[in-house]
Amino acid sequence: MNVIFEKLDRYFQSNWRIAILDLKKGRWTIENPSCAVIPYLKAENAHGRHILIQPKEASCYLLADDISPSLLRSHHMLPNGSFKPGRMVIETSPENFQVWIHSTAPLDLEQKRIILKKLNSDPGADPNNRFGRCPGFRNRKEEHQSANGLFPLAKLIWVDWLRKTSIPIDSTPRTPQHPLSPSTPRGGGVCRLCRDHYDKGNESQTDFAY
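All values reported here derive from a predicted model rather than from experimental measurement. (Residues numbered from 1 in each chain as written. Predicted model: local features only at pLDDT ≥ 70, side-chain atom pairs only at ≥ 80, totals over all residues. Heavy atoms only, no water.)

The four strands are arranged E2-E1-E3-E7 in an open sheet whose pairing can be described as antiparallel. The open sheet is flanked by strand E2 (26-31) and strand E7 (132-133), the only strands paired with a single partner. In this structure, strand E1 (residues 16-22) lies alongside E2, joined through six bridges in antiparallel fashion. Bridge pairing in E2 links Arg-17 to Glu-31. (Pairing = 2+ DSSP bridges. Helix = DSSP H or I, 4+ residues; strand = E, 2+ residues; numbered from the N terminus.)

Right, here's the structure in full:
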């Protein structure tokens, strides 16, 4: 558990908080947590409370929620099976993931909402003051309780604190570069997008633009 905390601290650049969530009593936080609070958090978790994490400076962090294995492969992994830059991947329950993305530039809430929609994140998980599940603790949602009364352990699958992701944000309306051919059938047709047309000279930027 100490190793997990050290990795979280590096990923969030020593500027993060932990929240303890009681569905009846509310939520309280621990600022800049250290390994010394782990026994306390384990006890709270054992009593049914959720243990959550959040960067204190959230503008450069994005959290995609309720990500399936197929979405994980298509949006957050490269063809060779490695993860794209700046990701922290947490398996919150069997074959269900949360993915943090560390952006090179700040993002406002509207930009985050647009990006998360493209990433097929849970539409109910708004990025405004969003917390994610802390790896190393049990997911205490009742829906995940097994027949023998156990809850799944949230697992840290991958973390990359050395790199960031460049996310291009284009807020200007796009206009066709060439007029539509009058011979184009009005009934519609097949539109084939080529990834090469969106080449930004950077793997991550190209992925988001495409």
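The structure having been displayed, the exposition proceeds.
Per the stated rule, a full pass over the model turns up eight salt bridges. Note that Arg-113 is salt-bridged to Glu-110, the shortest N-O span being 3.8 Å. With Arg-113 and Glu-110 both in helix H4 (residues 109-118), this residue pair falls three residues apart, about one helical turn. Owing to a relative accessible area of 47%, Glu-110 belongs among the partly exposed residues under this scheme. The salt bridge partner of Asp-160 is Arg-163, with a shortest N-O separation of 2.8 Å. By relative accessible area, Arg-163 is classed as partly exposed at 40%. When salt bridges that share partners are traced, they join Arg-17, Glu-31 and Lys-56 into one network. (Salt bridge = Lys/Arg side-chain N within 4 Å of Asp/Glu carboxyl O. Buried < 20%, exposed > 50% of the residue type's maximum accessible area, 1.4 Å probe, protein only.)

Checked against the element boundaries, Asn-45 lands in helix H2 (residues 38-46). Look at Asn-45 and you get buried, because its relative accessible area is 5%. The contact partners of Asn-45, leaving out residues within four places of it in the chain, are Ile-51, Phe-137, Arg-138 and Arg-140. (Contact = heavy atoms within 4.5 Å.)

Turning our eyes to something else, we now look at the packing of aromatic side chains. To describe a pair of aromatic rings, one takes the distance between the centres and the angle between the planes. Tallied over the full model, the rule gives seven aromatic pairs. Note on Tyr-11 and Phe-12: the rings are 5.3 Å apart at their centroids and 70° apart in plane angle, and the pair reads as edge-to-face. Assigned by exposure class, Tyr-11 and Phe-12 land together as buried. An aromatic cluster is defined as three or more aromatic residues linked by ring pairs; in this entry it consists of Phe-5, Tyr-11, Phe-12, Trp-16, Tyr-61 and Trp-100. (Phe/Tyr/Trp six-rings, centres within 6.5 Å; stacked < 30°, edge-to-face > 60°.)

So, about helix H1 (residues 2-11). Within the sequence span of H1, burial applies to Ile-4, Phe-5, Leu-8 and Tyr-11. Buried residues of H1 fall within an arc of 125° about the axis and therefore sit on the same side. After H1 finishes, the residue Gln-13 shows a positive phi value of roughly 55°. (Arc of directions from axis to C-beta.)

Reading across from one edge, E4-E6-E5-E8 is the order of the four strands in this open sheet, with antiparallel pairing throughout. For this open sheet the edge positions go to strand E4 (61-67) and strand E8 (155-159), each flanked by a neighbour on one side alone. Across the sheet, the mean angle from the axis of one strand to that of its neighbour is 15°, orientation sign disregarded. Bridging between E4 and strand E6 (residues 96-102) involves five bridges; their strand directions are antiparallel. Within E6, the position partnered with Tyr-61 by the bridge is His-102. (Axes fitted to C-alpha atoms, helices over the stretch in contact; angles between N-to-C directions.)

Take the pairing of E6 next. Most of E6 is tucked away, with seven of its seven residues classed as buried. Across the two faces of E6 the burial is the same, with Asn-96, Gln-98, Trp-100 and His-102 and Phe-97, Val-99 and Ile-101 all buried. Sheet topology places strand E5 (residues 87-93) next to E6; six bridges connect them, and they run antiparallel. When the sheet's bridge partners are listed, Met-88 is paired in E6 with Trp-100. A loop of two residues connects E5 with E6, the two strands running antiparallel in sequence, and Glu-95 in this loop sits at a positive phi of about 60°.

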